[in-house]
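Analysis of the macromolecular model
Chain residues, written in single-letter form:
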Amino acid sequence: MDSALLALALCCGAACASEAASAAKHRIDQPAQPLGESLRAIARQTGVSIVFDPGKVNGRTSRSVFGHLTAAEAIARALEGSGLTPTVMSDGSIVVRPAPTPGTSGPASGPGAATVPTLELAPRPSGMAVAVADASSSRPMMAVTASLVNSDAASTEEGHGTVASLGRIEVTGSRLKRIEADGPTPVNVYTRGDIDRSGQPSLERFLSTLNEASVSPGESSFVATTGQGSVQLRGLPLGSTLVLINGRRLQAVGSSSANFFNLNLIPMAAVDRIEVVPVGSSAVYGGDALAGVVNVILKKSLDGLVLDARLASGQGSGDGNISMGAGTRTQSGSYIVLGAYNKASPLTMAERGFFVDADYRRFGGVDARTRSCTPGTVSSSTGANLPGLNSSFAAIPTMAPGQALTQASFTASAGQANLCNSMANGKGRALVHGTESLSFHAAGDYRLSDDWSVFGELTHAKDKLSAEEGGLLLSNVLVPATNPHNPFSVPVRVTARLGPENGFERLARDTDFTRALVGMRGELPAGWELEASFSSTRDDGQRRLSNTTPNVAARTAALAASSAAAALNPFTAGKAASDEVLQAIWSDSIRDNHGRKDQVSAFLRGSVLELPAGSVDLIAGAEAARDRYRTVTPGSFDIAARRSNSAAFGEMHVPLWRSSPSEGPAREMAALTIAARRDYYSDFGSASTYQAGLEFRPSKTTLLRASTATSFKPPTLLQTKVDDLRYSTEAFGLVDPVRANAPIVGGEVLRTTNRDLNPETGRALAFGAVWEPESAQGTRLGVTAWRVKIDGLISLLWPQVVLANEARFPGFVTRAPAAPGQVGAVTQVLYAEVNYGGVDTSGLDLEAAHAWKTEGSKWTLSASATRTRDYEVTLAPGAPAENRLGRRAIDFWSPAWKGRLFAGMDRGAWNMGLTSRYLGRYRDSLPSERRLGGYWLHDMAATFKLAPLGLSLASAKDASLSLSVANIANRMPEFVESSPYYDFTQGDWRGRYLSLRLSMSW
């Protein structure tokens, strides 16, 4: 071998090319492919340095490699029939040489032998490219990829240079196995380290900090998710982002009305990384991917025992979790078993001074105070002055325990009202719900033979959410003269919230979530792979609302009761009645939810033919699933729905152009990837989607790419199963536009299912470039222009809108026969979901990163930003498109800019990083023109490895202590001019949030 040897090393740990790495067993699963690519893939998966001469492997094809193998075993299998053989060196690296023939000597040795440059680790931002350089030559080497999570990038040895490089990870977005992580569709990867460094307490909060998530659904009691975790990529409607676990679909859970998956049901301790496709596509994974895909990859194996404990705290809030796991990797298989417990305290409006006084005139807003206070306000039932007072109303004074109110008690407060923020009364509405969860995750695979193995996954979570909020509400209730606590001896009215001794309005939700998966994979003749699996996912939950809806008859009776034991006292700040009386008025409303998805899938993957530019890879498969959903409120409704669906899909990677051998090592310069899918649903019909992408690599360091894709979101099971309910047109106050807006009398409004409801449809385009210049190794620059368009949004159409657009919705309005020249009177209007309106948004994603090494330290700098350029929404028939770019809305919109800066340093025993997050300027919701945003949030994180500091904990193999601080400057949300008077799509009331984590392994 000569000086053209390439050192291709990818590491996960503290040392590359070690004996321990070369002896360890790894799960290798790769198809037949060009031999050079196979060797690079094995290096990536095992962390072992592999040295070979490109000239000796060009034009050769490896056989497929499958099983739990050491690096040497995997390489030997890949080299079978190639005339090459591996040699394991003393440092654990592996050299590939021509197999010796009789009469030739063995491997070269002595002064003339080739030397292998040693490669060190360098920190790198997730998802970046890696270029390995030969330290003995100025000539740059080949690009490789790493599929190991948290793998560090390679850099040259300190004595041979200071070039550090950035790592890359094999990612979501295609079912085909790829060597290059950067493909035709943009994919962003976030490792477990990225999640931990963020200091965020949940997956939802972490995802909301990302550039591609323009807005957050929010965590408070004011939003549709009511404490459930979700994500809105590109700020698009809730439920338009598909969530996967390990690349497989999940059902939209019952507690979300079957509209989105609750991210809080995924055990945080089991998360390995998150892969985000920030543009819509359904051709690979199916429906719901209008805005894009979030693929949560769970841990699949461990080697030993691990303990992780975390404690976090902010002003008035906090959370903590502890997890323990065990696992092993052997020649016959691997497994992981992990259990975790998490608890977070609630944060309510009463704990933030911003809400205590709802007189927002101090911010240039309105006075939003009400009389729903403790104690409240009494007023005349006739409009005349209250007896003994010179005013028709008076604030109820707070009396000492045991002291009765008299008319004279109100003299000082006549003409005054007790005013407060009703939403902050008592404990206040929840800004963050309290949660408690106990979860379990297990995964494993077992090798049946050299070519076949079985695998399985089991995840279970018990999640509890709760929040005690405001006091019990009395809104302008009539208190008769018979009430013994009424000091005026005439009927009066009272508005108040009862004191905390009487209880609180409360939300509680319990959910049991289980996901089980079993499957088999193996190798068929000619290098083809087969995988088949069955999964079952289900959630069973109960939502309990306490004290929010009173029994009006029982309340009226208690207010009119003449005995103190049976009467309700609305004038006190203390105990207002006996528990029996209170429970008769305010009770619980219970809703049970059940969701289930059973799915079987299978696919074949392999090479169908060999072109001059390389092999054409194909995957073809089919899926079949059954979804069930039921929601029950005893005595009110019982809705059950189910659907079955099946799909056939295929994806093909076609190489178009390969470089000439005279130009150096052969490489793929251009390729086309196409995918198509056909879905059939039992309740609404079929949907076809496609995806196509083009890659062009004019040089080893440059990628130009373009992709287009279609997507769809099927109607939810609740939207395709609506029980018929009938109302009078008078109850809706309807008028007839074609009869001079005459009131519609005697007609019927029918709440029903629209049998012609279609799925929402989407289209996505992306164009981009990635450049990793040879002259500045360790640098990556990227830009992606994207557009996502959604049509046929499903919404419940108000009957008056139907009447105003009768011609647009044929069959929705029924009229009686009319006399000649006249229009018949309306007899029925349908109240149902329809497909109408859409969203059209586009923008740019920008990224830049550089990593380098100085004596004793490794440094990383990165910057990224999303510039949304257009965001137009059409919601109402006949209405013009609404521009929501930089204009706040309560459901979906986008700021013009979101950005991130990161600076990190690694000194071996410890590392630290600083992240700054930018939210661009935007305006408040109409009609306000208040300017918001335009600020930075700063996060800091540091990790200390305890062993190098001379600390040993319980004979642990590894131990580290991590500290993170999110929102260092303690920036709180801004005031907006409509309730709840802050922007929950951007704000987080936790403020400065500190997390301390201890991680240990044995």
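Structural data are supplied above this passage.
This section reports on the structure supplied with the text.

What follows is about the state of the cysteines. One pass over the structure, following the stated rule, counts one disulfide. Here Cys 373 is linked by a disulfide to Cys 420, with a sulfur-sulfur distance of 2.2 Å. Looking along the S-S bond of the Cys 373-Cys 420 disulfide, the torsion reads about -115°, which is the left-handed sense. One end of the pair, Cys 373, is in the loop between α7 (353–356) and β22 (377–380); the other, Cys 420, is in the loop between β23 (393–395) and β24 (430–432), and 47 residues separate them in sequence. The two residues Cys 373 and Cys 420 agree in class, both being buried.

This brings us to the packing of aromatic side chains. Inspection of the entire model under this criterion finds 29 aromatic pairs. Plain terms: the ring middles of Tyr 681 and Phe 684 are 4.9 Å apart, the flat faces sit at 25° to each other, and that makes the pair stacked. Judged by its relative accessible area of 16%, Phe 684 is buried. Their ring planes at 50° and their centres at 5.2 Å tell us that Phe 732 and Trp 798 sit as a pair that is tilted. Here Phe 732, found in helix α10 (residues 729–732), pairs with Trp 798, found in the loop between β43 (794–796) and α11 (799–804); they are 66 residues apart in sequence, far enough to count as distant. The rings of Phe 354, Phe 355, Tyr 360, Phe 363, Phe 975, Tyr 981, Tyr 982, Phe 984 and Trp 989 are connected pair by pair, giving a single aromatic cluster. A cation over a ring is seen here: Arg 234 above Trp 786, with NZ or CZ 3.9 Å from the ring centre. If you follow Arg 751 out to its NZ or CZ, it ends over the ring of Tyr 831, 5.6 Å from the centre.

On to empty space enclosed by the protein, then. Scanning all chains against the criterion turns up 12 cavities of 30 Å³ or more. Estimates place the volume of the largest cavity at around 440 Å³. Forming the boundary of the largest cavity are 37 residues, of which Arg 249, Leu 250, Gln 251, Ala 252 and Asp 288 lie nearest the centre. For the lining of the largest cavity, the secondary structure elements donating two or more residues are β14 (241–245), β31 (586–611), β32 (614–633), β33 (637–658) and β34 (668–681). For the lining of the largest cavity, the class distribution of residues is 14 nonpolar, 12 polar and 11 charged.

Together, Tyr 335, Val 337, Phe 440 and Leu 458 make up a nonpolar patch on the protein surface, roughly 300 Å² of accessible area in all. You can call Phe 440 partly exposed: its relative accessible area is 32%.

The next thing to look at is the sheet that holds β23. The four strands lie next to each other as β23-β22-β28-β27, forming an open sheet whose pairing is antiparallel. Two strands in the sheet have a free side with no partner beyond their single neighbour: β23 and β27 (473–479). Taken over all neighbouring pairs, the strand axes of this sheet differ in orientation by 15° on average, direction set aside. Bridge count between β27 and strand β28 (residues 492–497): five bridges; the pairing is antiparallel. The residue of β28 that forms the bridge with Leu 474 is Ala 496.

Reading the values: rules and limits
Residues numbered from 1 in each chain as written. Predicted model: local features only at pLDDT ≥ 70, side-chain atom pairs only at ≥ 80, totals over all residues. Heavy atoms only, no water. Disulfide = S-S within 2.5 Å. Helix = DSSP H or I, 4+ residues; strand = E, 2+ residues; numbered from the N terminus. Buried < 20%, exposed > 50% of the residue type's maximum accessible area, 1.4 Å probe, protein only. Phe/Tyr/Trp six-rings, centres within 6.5 Å; stacked < 30°, edge-to-face > 60°. Lys NZ or Arg CZ within 6 Å of the ring centre and 35° of its normal. 1 Å grid on protein atoms, 1.4 Å probe; cavity = no way out; pocket = protein on both sides within 12 Å on 5 of 7 lines; lining within 4 Å. Points joined across faces, edges and corners; volume = space filled by probe spheres on them. Nonpolar A, V, L, I, M, F, W, Y, C, P; charged D, E, K, R; others polar. Patch = residues over 30% accessible without salt bridge, like charges linked within 9 Å, V, L, I, M, F, W, Y side chains within 5 Å. Areas by Shrake-Rupley, 256 points an atom, 1.4 Å probe, with all protein chains shown as cover. Salt bridge = Lys/Arg side-chain N within 4 Å of Asp/Glu carboxyl O. Pairing = 2+ DSSP bridges. Axes fitted to C-alpha atoms, helices over the stretch in contact; angles between N-to-C directions.

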